[in-house]
Amino acid sequence: MRTLQEIPELRKVLGEYRQRGLRIGLVPTMGNLHAGHLALVETARRHADVVVATIFVNPLQFGAGEDLDAYPRTLAADQAQLEATGCDLLFAPTVTTLYPHGMDNLSQVRVPVVSEGLCGGSRPGHFDGVATVVSLLFHLVQPDIACFGEKDYQQLAVIRKLVADLHFPIEIIGVPIVRAADGLALSSRNGYLSADERAAAPQLQRILTTLRHAIEAGEPVATALESGLKQLGAAGFEPDYLELRAADLGPVTATTREAVLLAAVRLGTTRLIDNLILTLPR
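Residues numbered from 1 in each chain as written. Predicted model: local features only at pLDDT ≥ 70, side-chain atom pairs only at ≥ 80, totals over all residues. Heavy atoms only, no water.

Selection criterion: UniProt positions are given in the numbering used here, feature names are shortened, and annotations may be inferred rather than shown by experiment.
The protein goes by Pantothenate synthetase in an unreviewed UniProt entry, where it is assigned to Candidatus Halomonas stercoripullorum. The UniProt entry for the protein carries the following text under Subunit (unreviewed entry): "Homodimer." Turning to the protein, the UniProt record has this under Pathway (unreviewed entry): "Cofactor biosynthesis; (R)-pantothenate biosynthesis; (R)-pantothenate from (R)-pantoate and beta-alanine: step 1/1."

Structure, rendered in structure tokens:
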């Protein structure tokens, strides 16, 4: 696996791949990799001839008081994992490489509607930062396919709309949530949890599962969500949101069948997100 940090080198190598007619897959990450990220690489491997991963802790998507400075940087360990999983090329640029003129007056990409509410409501500007850096990476790599995890459900919806609206010739592949044996959705931020918090964290998925069964069995959504908020509080979580949306993140209507139950909570200082897909009764 080759690791590149400069844009001219990246373009040269990718140009050689294209001249050979190779199909390119992209896996954008912020590093500190776990099995969920590696599942993205494995999926890209099945859909492309060449897999390009990126590691970039993007300042644009961190708000004031968030964990930009504390976010783990583990490049050597990440490189070893990527190579073992079959990644061909790692692009790991610096902030000045991607944003050479600074960020104060940087042109940015905004994806309206789908980026509002949920995590977009609690983290103003977050999805503008995501959409901007992903657009930049799409431009630089020009992949045929790109893989994103379904744990970040709203982010995936933002990327899908971005690609559709701006006519990027890229197939976006959503990869199912990878969970620990106890059900906790894998996340780089799980490393912030204390031992006691880590033991309590899987209750988030269990509560969501209970709510999914109740809603699918016909319990009124408002009743189920009210119960869910109480259960989250009793389990030691500080809920940020607990919502039921249509699968496209629009509002649930009388004709909605495929829906998604989404939650974000704080456990200590750590923010956890999770979601479950469900089928609403007729």
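Here the narrative resumes, following the displayed structure.
### So, unusual backbone geometry
To keep things clear, this is the line we draw: Here a helix means four or more residues in a row that DSSP labels H or I, a strand means two or more in a row labelled E, and each is numbered from the N terminus. Three exposure classes are used, based on accessible area relative to the maximum for each residue type with a 1.4 Å probe and protein chains only: buried under 20%, partly exposed in between, and exposed over 50%.
With phi around 50°, glutamine 142 is a residue other than glycine that occupies positive phi space. With respect to the secondary-structure elements, glutamine 142 resides in the loop between helix 6 (126–141) and strand 5 (145–149). By relative accessible area, which is 47% here, glutamine 142 ends up partly exposed. Of note in the backbone geometry, histidine 167 takes a positive phi value of approximately 60° without being a glycine. Within the element layout of this structure, histidine 167 appears in the loop between helix 7 (153–165) and strand 6 (171–175).

### What about the UniProt feature "binding site: beta-alanine" (unreviewed entry) in the protein?
Short version of the rule: Contacts are assigned to residue pairs that have any heavy atoms within 4.5 Å of one another.
Within this numbering scheme, the UniProt entry marks Gln61 as carrying the feature "binding site: beta-alanine" (unreviewed entry). Setting aside residues up to four positions removed in sequence, glutamine 61 forms contacts with Met30, Glu66, Arg123, His126, Gly129, Val130 and Val133.

### Examining the pattern of salt bridges
How we decide: By convention in these notes, a salt bridge is any Lys or Arg side-chain nitrogen within 4 Å of a carboxyl oxygen on Asp or Glu.
Scanning all chains against the criterion turns up 13 salt bridges. The salt bridge partner of glutamate 16 is lysine 12, with a shortest N-O separation of 2.9 Å. In this pair, glutamate 16 and lysine 12 both sit in helix 1 (residues 7–19), four residues apart, roughly one turn of the helix. Judged by relative accessible area, which is 54%, lysine 12 ranks as exposed. One salt bridge connects arginine 45 with aspartate 88, and the closest N-O pair in it is separated by 2.9 Å. In this pair, arginine 45 is assigned in helix 2 (residues 35–47) and aspartate 88 in the loop between helix 3 (75–85) and strand 4 (89–91), connecting sequence segments 43 residues apart. Exposure remark for arginine 45: the relative accessible area of 30% places this residue in the partly exposed category. The exposure class assigned to aspartate 88 is partly exposed, which follows from its relative accessible area of 26%.

### Things to note about the sheet that holds strand 7 (residues 238–246)
Condition: Strands pair, by our definition, only if DSSP identifies at least two bridges between them. Throughout, an axis means a line fitted to C-alpha atoms (over the contacting stretch in the case of helices), and angles, computed between N-to-C directions, take values from 0 to 180 degrees.
Strand order in the open sheet formed by three strands is 7-8-9, and the pairing between neighbours is antiparallel. Whereas interior strands pair on both sides, the edge strands pair on one side only; in this sheet they are strand 7 and strand 9 (270–279). Along the sheet, successive strands turn relative to each other by an average axial angle of 10°, direction set aside. The sheet contact formed by strand 7 and strand 8 (residues 258–267) spans eight bridges and is antiparallel. The partner of arginine 245 across the bridge, within strand 8, is valine 260. Together, strand 7, strand 8 and strand 9 form the strand contacts of helix 9 (residues 203–216), whose direction differs from that of strand 9 by roughly 25°.

### Things to note about the packing of aromatic side chains
Using the following cut-off: Here a Phe, Tyr or Trp ring, Trp counted by its six-membered ring, pairs with any other such ring whose centre lies within 6.5 Å, and the pair is stacked when the planes are under 30 degrees apart, edge-to-face when over 60, and tilted otherwise.
Taken as a whole and judged by the stated rule, the model has four aromatic pairs. Between the aromatic rings of phenylalanine 56 and tyrosine 99, the centroid separation amounts to 5.8 Å while the plane-to-plane angle is 70°, which identifies the pairing as edge-to-face. Separated by 43 residues along the polypeptide, phenylalanine 56 in the loop between strand 3 (50–55) and helix 3 and tyrosine 99 in the loop between helix 4 (95–98) and helix 5 (118–122) bring together distant segments of the chain. The class for phenylalanine 56 is buried, based on a relative accessible area of 6%. Between phenylalanine 62 and tyrosine 71, the ring centres sit 6.0 Å apart and the planes meet at 75°, which makes this aromatic pair edge-to-face. For tyrosine 71, a relative accessible area of 6% puts it in the buried group. An aromatic cluster of at least three residues, connected via ring pairs, comprises Phe138, Phe148 and Phe168.

### Brief notes about the UniProt feature "binding site: (R)-pantoate" (unreviewed entry) in the protein
UniProt annotation of "binding site: (R)-pantoate" (unreviewed entry) refers to Gln61 and Gln155 when read in the numbering used here. These residues run over 95 residues, yet every pair of their C-alpha atoms falls within 11.4 Å of each other. For glutamine 61, the position within the fold is in the loop between strand 3 and helix 3. Under the relative-accessibility criterion, glutamine 61 is labelled buried at 9%. Here glutamine 155 is in contact with Phe127, Val130 and Phe148, once residues within four sequence places are set aside.

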